[in-house]
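Results of the structural survey
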Amino acid sequence: MARVGTALLELRGAQKSAKGVSLYSRFVNRPAGRYLAAGSYALGLTPNQVTLISAAFSFAAVAAVALVAPSWGLGIAVWAALAVGFAFDSADGQLARLRGGGSAAGEWLDHVVDCAKLTALHTCVLIAFHRFPEAYGTESEGWLLVPLGFQFAAIVTFFGGLLTEKLKPKPAPGSPAAAPSTLRAVALLPVDYGVFCLVFLLLGGGTLFRWAYAALGVVAVLFLLAFLTKWFRELSAVRR
């Protein structure tokens, strides 16, 4: 327990900037990840092992969406597994900083798992819409396009944001970090992965889940357009 307490103290002083992070990630997921990172450190786990634990929770939830008929109990189980997987996703990076820094291979693994998770999640919603049309009210094949559109928006946003961070010039060493904007943190809530996971609590509602999922898909597309415009404008000023 003493080792966990020491790790928590060190982690509180080694947090990433809250700029561009939604309220959920800032006040729920990162703190949860901090406790998981401290526990993992005490157990002697490596960041890559924590990444794989995150993947196990996430992909178990994803598979359940595709394979099990929707119910309220399933929705709670899927949400819980996704939320725990997301918290471990935050923990791997925090554990790496606690251990003195991560590796390029570890960062690569983390991003590959994140991309696979996003792709699989929307694919499995599509499969669920196809396998259980009566439960979801998706007898019309047009509804199968909704997960495809959502998946497109999610993957392009993920890749675009990642590439933008790589291409933007790094701030000069010692320069003060920009203060996080509360308004921006609130505005980003609809496209926060942790907030998105909440929609699976509605699985037992069938058509209620379908409409809530579709609404979040529309929001994701609108945010993608806004993000692409912003990122292109920022990168247009960068000379290489």
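Our subject is the structure listed above.
What comes next is a walk through the structure. (Residues numbered from 1 in each chain as written. Predicted model: local features only at pLDDT ≥ 70, side-chain atom pairs only at ≥ 80, totals over all residues. Heavy atoms only, no water.)

**Observations regarding the side chain of S22**
The following threshold applies: Each helix corresponds to a stretch of at least 4 residues labelled H or I by DSSP, and each strand to a stretch of at least 2 residues labelled E; elements are numbered beginning at the N terminus. For the purposes of these results, a polar contact is taken to be a pair of N or O atoms within 3.5 Å, where, inside protein, one atom must be able to donate a hydrogen and its partner to accept one; residues adjacent in sequence count only when each atom of the pair is a side-chain atom. Here a residue-residue contact requires only that any non-hydrogen atoms of the pair lie within 4.5 Å.
Examined against the element boundaries, S22 turns out to sit in the loop between α1 (2-12) and α2 (23-43). Among the polar contacts listed, one links the side chain of S22 to the side chain of D192, at a separation of 2.4 Å. If we skip the residues at most four places from it in the chain, S22 touches A185, L188, L189 and D192.

**Describing the nonpolar core**
So the rule is basically this: Residues enter a nonpolar core if they are buried and are Ala, Val, Leu, Ile, Met, Phe, Trp, Tyr or Cys, with the set joined through side-chain atoms within 4.5 Å. Each residue gets one of three labels from its accessible area relative to the maximum for its type: buried under 20%, exposed over 50%, partly exposed in between, using a 1.4 Å probe on protein chains only.
Counting 35 residues, the largest nonpolar core has V78, Y193, F196, F200 and F209 as its most contacted members. Elements represented by at least two residues in this core include exactly α3 (47-67), α4 (72-98), α5 (104-131), α7 (145-167), α9 (193-197) and α10 (207-236). Among the elements that take part in this core, α5 stands out by supplying seven residues, more than any other. One finds A37, V50, F88 and L95 within the second-largest nonpolar core, a separate group that totals five residues.

**Quick notes on a nonpolar patch on the surface**
To keep it simple, the criterion reads: What goes into a patch is any residue over 30% in relative accessible area without a salt bridge, connected to like charges within 9 Å or, for nonpolar side chains (Val, Leu, Ile, Met, Phe, Trp, Tyr), within 5 Å. Note on areas: these come from Shrake-Rupley sampling with a 1.4 Å probe, and a residue is covered only by the protein chains present in the view. The term salt bridge refers to a pairing of a side-chain nitrogen on Lys or Arg with a carboxyl oxygen on Asp or Glu at a separation within 4 Å.
A surface patch of nonpolar side chains, about 350 Å² in accessible area, is lined by V218, V221, L222 and L225. Along the chain, the position of V221 falls in helix α10.

**Digging into the packing of aromatic side chains**
Here is the rule: Under the pairing criterion, centres of Phe, Tyr and Trp rings, with the six-membered ring standing for Trp, must be within 6.5 Å; the plane angle then separates stacked pairs below 30 degrees from edge-to-face pairs above 60, leaving the rest tilted. To sit over a ring, a charge needs its Lys NZ or Arg CZ within 6 Å of the ring centre and within 35 degrees of the ring normal.
Within this structure, the stated rule accounts for 17 aromatic pairs. Over the face of the ring belonging to Y193 we find K117, whose NZ or CZ atom lies 4.6 Å from the ring centre.

**Describing the packing of α5 against α7**
Definition in use: Between the N-to-C directions of two axes lies an angle of 0 to 180 degrees, each axis being a line fitted to C-alpha atoms and, for a helix, fitted only over the stretch in contact. Working rule for angles: under 35 degrees goes down as roughly parallel, over 145 as roughly antiparallel, 65 to 115 as roughly perpendicular, anything else as oblique. Rotating anticlockwise by less than a right angle from the far helix to the near helix defines a left-handed crossing, while the corresponding clockwise rotation defines a right-handed one. Charged means Asp, Glu, Lys or Arg here, nonpolar means Ala, Val, Leu, Ile, Met, Phe, Trp, Tyr, Cys or Pro, and polar covers whatever is left, Gly included.
The interhelical angle for the contact between α5 and α7, taken along N-to-C directions, is 165 degrees, at an axis separation of 8 Å. In terms of orientation, α5 and α7 fall into the roughly antiparallel class. Here α5 runs over α7; the crossing is right-handed. From α5, E107, H111, D114, C115, L118, T119, H122, T123, V125, L126 and F129 reach across to α7, where they touch P147, L148, F150, Q151, A154, I155, F158, L162 and K166. Per-class residue counts for the contact of α5 with α7 are twelve nonpolar, five polar and three charged.

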